[in-house]
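Here is how the chains run, residue by residue.
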Amino acid sequence: MRPENNNKIKPQIEKKWGEILESEFSSPYFHELKQFLIHEKQHQTVFPPGKLIFNAFNLTPFDEVKVVVLGQDPYHNVGQAHGLCFSVLDGVPHPKSLINIFKELRQDVNVSIPQSGNLEKWAKQGVLLLNAILTVRAHQAGSHRQKGWEKFTDAAIQAISTHKQNVVFLLWGNYAQAKESLIDKSKHLILKTVHPSPLSASRGFFGCKHFSKTNHYLIQTGQKPIDWDLTT
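A few points on the structure. (Residues numbered from 1 in each chain as written. Predicted model: local features only at pLDDT ≥ 70, side-chain atom pairs only at ≥ 80, totals over all residues. Heavy atoms only, no water.)

It is worth spelling out the overall build of the chain at this point. Of the regular secondary structure elements, the chain holds nine helices and six strands. Taken over the C-alpha trace, the chain has a radius of gyration of 17 Å; the compact-globule value for 232 residues is 17 Å, and the two agree within 12%. With respect to the three principal axes, the spread of C-alpha positions in the chain is 55 × 35 × 30 Å. Counting the 232 residues in the chain, one finds 54% classified as buried. Here the chain contributes 27 positively and 20 negatively charged side chains, and the mean placements of these two sets differ by 3 Å. (Helix = DSSP H or I, 4+ residues; strand = E, 2+ residues; numbered from the N terminus. Rg over C-alpha atoms; globule rule 2.2 N^0.38 Å. Buried < 20%, exposed > 50% of the residue type's maximum accessible area, 1.4 Å probe, protein only. Lys, Arg positive; Asp, Glu negative; His and termini not counted. Charge placed at Lys NZ, Arg CZ, Asp CG, Glu CD.)

Below is the structure:
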């Protein structure tokens, strides 16, 4: 294959997502993003591994999305990021924001704090755990900002808003709440609070009851609630 044709190769992403986001993959900005990532990987360590960049989309197919949790960019230390916002692989210590998520989960829906911080069980039930930026340079938070990922994930959020109904969007913190304008409030539920970071969690994240409110809305709209319990 000639090198220029590589730009036409779509990432490995769930079929319906690939169709929905077709125009993004073929756009000039995405081509520039790919070139940036190729260069980064030649000179830096980038997280998550390439095969996991679109993990959120692959674990939560478009047709199955019921809940969207928006994060900012991946964890930037070794072994943490695996393509799902706030989630870490089995055996990795829980980051502080995730600890606070689990504390609120226990208080809200009375489930035990799990040993593993892996949130794949949620993803497989229709919870899209989406970072706005899908890659990061090792040990440099925010290092892949404004390279194109935000435009891509904004398109994904807009696609959910446009083509689906009765999705719950959990917007935690100012960064996530800036995405509210992309969502049609007449069709979906938006729940907002501060970020679960230790810097802000005590100012409204604790006690927000977003997990029970999400399930109440899903049941009201004829959908199956999320089993938030990660210990089973």
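Quick look at the pairing of strand β5 (residues 168-172) now. Across the five residues of β5, five count as buried, placing the element largely inside the fold. Across the two faces of β5 the burial is the same, with Val168, Leu170 and Trp172 and Phe169 and Leu171 all buried. When strand β2 (residues 67-71) meets β5, the two strands line up parallel, connected through three bridges. Looking at β5, one finds that Val67 is bridged to Val168. Sheet analysis places β5 next to strand β6 (residues 189-193), joined by five bridges and oriented parallel. Bridge pairing in β6 places Phe169 opposite Ile190. (Pairing = 2+ DSSP bridges.)

Attention shifts here to the nonpolar core. Ranked by size, the top nonpolar core spans 72 residues in total, and within it Trp17, Phe54, Phe57, Trp122, Trp149 and Phe152 carry the most contacts. For this core, the element with the most residues is helix α7 (residues 149-163), which contributes seven residues. Excluding residues within four positions of it along the chain, Trp17 makes contact with Phe57, Thr60, Pro61, Phe62, Val65, Leu128, Ala156 and Ile160. (Core = buried A, V, L, I, M, F, W, Y, C linked by side-chain atoms within 4.5 Å. Contact = heavy atoms within 4.5 Å.)

Structurally, Pro48 is set in the loop between β1 (46-47) and α4 (55-59). Along the primary structure Pro48 and Gly83 are separated by 35 residues, whereas in three dimensions their C-alpha atoms are 6.3 Å apart. Contact partners of Pro48, with chain neighbours within four places excluded, come to Ile53, Pro74, Ala81, His82, Gly83, Leu134 and Thr135.

Before going further, it helps to examine the packing of helix α3 (residues 28-43) against α7. One way to put it is that α3 packs onto α7 with a least axis distance of 9 Å and a crossing angle of 130°. Considering the angle they form, α3 stands oblique to α7. The crossing of α3 and α7 is left-handed. Counted together, Tyr29, Phe30, Leu33 and Leu37 of α3 and Trp149, Lys151 and Phe152 of α7 form the full contact between these two elements. In terms of residue class, the contact of α3 with α7 is built from six nonpolar, no polar and one charged. (Axes fitted to C-alpha atoms, helices over the stretch in contact; angles between N-to-C directions. Parallel < 35°, antiparallel > 145°, perpendicular 65-115°, else oblique. Left-handed = near helix turned anticlockwise from the far one by under 90°. Nonpolar A, V, L, I, M, F, W, Y, C, P; charged D, E, K, R; others polar.)

All of the buried residues along helix α9 (residues 210-220) are His210, Phe211, Thr214, Asn215, Tyr217 and Leu218. Axial view of α9: buried residues confined to an arc of 160°, hence all on one face. Counted as exposed and oriented over 90 degrees from the buried face of α9: Ile219 and Gln220. If you follow the buried residues of α9, they end up packed against β2, α5 (96-109), α6 (120-123), β5 and β6. One or two residues past the end of α9 sits Gly222, with phi positive at roughly 75°. (Arc of directions from axis to C-beta.)

This part is about the packing of aromatic side chains. Going through the model one piece at a time under the given rule, you end up with 20 aromatic pairs. Taking the centre distance of 5.1 Å and the plane angle of 85° together, the rings of Trp172 and Phe205 count as edge-to-face. With Trp172 in strand β5 and Phe205 in the loop between β6 and α9, this residue pair connects regions lying 33 residues apart in the sequence. Judged by its relative accessible area of 3%, Trp172 falls in the buried class. Residue class for Phe205 comes out buried when judged on its relative accessible area of 0%. (Phe/Tyr/Trp six-rings, centres within 6.5 Å; stacked < 30°, edge-to-face > 60°.)

In terms of burial, β2 is a largely internal element, five of the five residues being buried. Sheet topology places β2 next to strand β3 (residues 127-131); five bridges connect them, and they run parallel. Counted as the bridge partner of Val67 is Val127 from β3.

The next point concerns the sheet that holds β5. Ordered by their spatial adjacency, four strands build an open sheet running β3-β2-β5-β6, and the pairing between neighbours is parallel. Each edge of the open sheet carries a strand with a single partner, namely β3 and β6. Ignoring which end each strand starts from, the neighbouring axes of this sheet average 20° apart.

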